[in-house]
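Here are the chains, one letter per residue:
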Amino acid sequence: MNRVQLVSILGSLGLLAMILELIRRGKLAEEYSLLWIATGAVLLLLSLWRGLLDLFAAAVGIFYPPSGLFLVGFIFVLLLILHFSVIVSRLSRQNRELAQDVALLREKLERMTRTDDGKTRGEE
Amino acid sequence: MSDAKNRLPQRVLIVIPAYHEEETIREVVQGVHRHVPGATVVVVNDGSTDGTEAAAREAGAVVLTLPFNLGIGAAMQTGYRYADEEGFDIAIQVDGDGQHLPSEIPILLEELGRGTDLAIGARFLGRGDYDPPVLRKLGIRFFSFAVSTLVGRRFHDTTSGFRAANRRVVESFSRYYPYDYPEPEAILILSRAGFAVREVPARIQEREGGRSSITLRKSVYYLLKVFLALAVGRFRAPPD
């Protein structure tokens, strides 16, 4: 086992350990962690199984197989960012709707409070 | 123009989105009350930190205050949701900066009376002598060209925010309204859904206070964003 393989195995293991620990502590919701776990697992698999990495590198025309790890890692990072963009879009839409609800409800509340005052105090 | 004949049997809501318009909002609200008596005026305060809310209230408007700035599209939609919930038959958008003349509102109402679903008060149709700066004029032309091409019918002023919507459009907009720079996209969405969208000549004034939301710096983003929205809008899955 050469040095680059050792580093990548340790790196992937570290990433997986961090992800699992964040989930365990409830800081990372399971639904958002699936893609992260997949990233860590694929990187670990390719680090451990050198033959698979060589095969992959040869298939896409990479001369130095460990560079293939970077490519795979990069693709997963792109997917993660895209995934987050989708989530951010959804959150901002929900945020917009909530802000509108607040404005509409606040006006309704003011109106109801005013009518209640009118009833108790009589017409002004 | 006599005001008496503008007392319509329908319930009319005037929606005025306002972001930092304390200088002009009072006059706009009062102008609307003068020219369209009987209409309810709602000012959507889009997270202003100045005296917009107090000024609008003093002038006799219902005020919807958003907890933070959402941008013109989402602010407009707040007004449409209010119109929908409170059962208004017609909702009319008027800018809070004084560039739209309340005296021109009856023209939009008349157009709705002719069976139009969304009436747009358009510049460059002979009425009024509004002459925007060169760059803005180019932008207006570009979007009008893009929308006209996509819809297949000629539009002259797709960025105009001076509009009147009937009940069906109010319901549609309260469910989905484009945000960010919504005006050209709204035309496209309604046209595709089979609504009758028509322009009527209207006088538009130079702005009295504040600045256009579209500064030079933002216009490139505006151009790209609206163009993308228009292009994607053709293929976008319908909302809901």
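Use the structure listed above.
Scope of this entry: the structure provided in the associated data block. (Residues numbered from 1 in each chain as written. Chains lettered and ligands numbered in written order. Predicted model: local features only at pLDDT ≥ 70, side-chain atom pairs only at ≥ 80, totals over all residues. Heavy atoms only, no water.)

On to the interface of chain B and chain A, then. The interface of chain B with chain A comprises 17 residues on the first partner and 14 residues on the second. In total, chain B and chain A occlude about 1,400 Å² of area from one another, counting both sides; carbon and sulfur atoms represent 54% of this. At the boundary of chain B with chain A, the tally comes to 4 salt bridges. Note that B:Arg57 and A:Glu110 form a salt bridge whose closest N and O atoms lie 3.2 Å from each other. For the pair chain B and chain A, the interface holds 6 residue pairs in polar contact (both at pLDDT 80 or more). Breaking the side of chain B that touches chain A down by element, the ones donating at least two residues are strand E3 (62-65) and helix H3 (72-85) of chain B. Its residues assigned to classes, the side of chain B that touches chain A comprises 10 nonpolar, 3 polar and 4 charged. (Contact = heavy atoms within 4.5 Å. Buried area = accessible area lost by both parts, 1.4 Å probe. Salt bridge = Lys/Arg side-chain N within 4 Å of Asp/Glu carboxyl O. Polar contact = N/O pair within 3.5 Å; in protein donor to acceptor, adjacent residues only side chain to side chain. Helix = DSSP H or I, 4+ residues; strand = E, 2+ residues; numbered from the N terminus. Nonpolar A, V, L, I, M, F, W, Y, C, P; charged D, E, K, R; others polar.)

Next up on the list: the sheet that holds strand E2 (residues 40-45) of chain B. Residues and elements named next belong to chain B. As summarised here, the arrangement of the 7 strands in space is E3-E2-E1-E4-E6-E5-E7, forming an open sheet in which the pairing is mixed. Strands at the two margins of the open sheet, each flanked by one partner only, are E3 and strand E7 (197-201). Pairs of neighbouring strands in the sheet enclose a mean axial angle of 20°, with direction left out of account. Summarising the sheet, strand E4 (residues 90-93) and strand E6 (residues 163-166) pair through 4 bridges and their orientation is antiparallel. Along E6, the bridge assignment pairs Ile92 with Ala164. Each of strand E1 (12-18) and E2 is contacted by helix H1 (residues 25-35), which is oriented at about 170° to E1, the strand it contacts most. The sheet contacts of H3 involve E1, E2, E3, E4 and E6, and relative to E1 the element is tilted by about 155°. (Pairing = 2+ DSSP bridges. Axes fitted to C-alpha atoms, helices over the stretch in contact; angles between N-to-C directions.)

For the rest of this paragraph, the subject is the side chain of B:Ser48. Residues and elements named next belong to chain B. You can see Ser48 is positioned in the loop between E2 and helix H2 (52-58). A distance of 2.9 Å separates the side chain of Ser48 from the backbone nitrogen of His20, its partner in a polar contact. Dropping the residues within four chain positions of it, Ser48 is found in contact with Ala18, Tyr19 and His20.

Moving on: the pattern of salt bridges. This structure, assessed with the given rule, holds 18 salt bridges over all chains. For the salt bridge of B:Glu58 with B:Arg26, the shortest nitrogen-to-oxygen distance reads 2.6 Å. A residue pair is termed long-range when its members are at least 10 positions apart, and B:Glu58 in helix H2 and B:Arg26 in helix H1 qualify at 32 residues. Look at B:Arg26 and you get partly exposed, because its relative accessible area is 34%. Through salt bridges with shared partners, a single network forms among A:Glu21, A:Arg24 and A:Arg25. (Buried < 20%, exposed > 50% of the residue type's maximum accessible area, 1.4 Å probe, protein only.)

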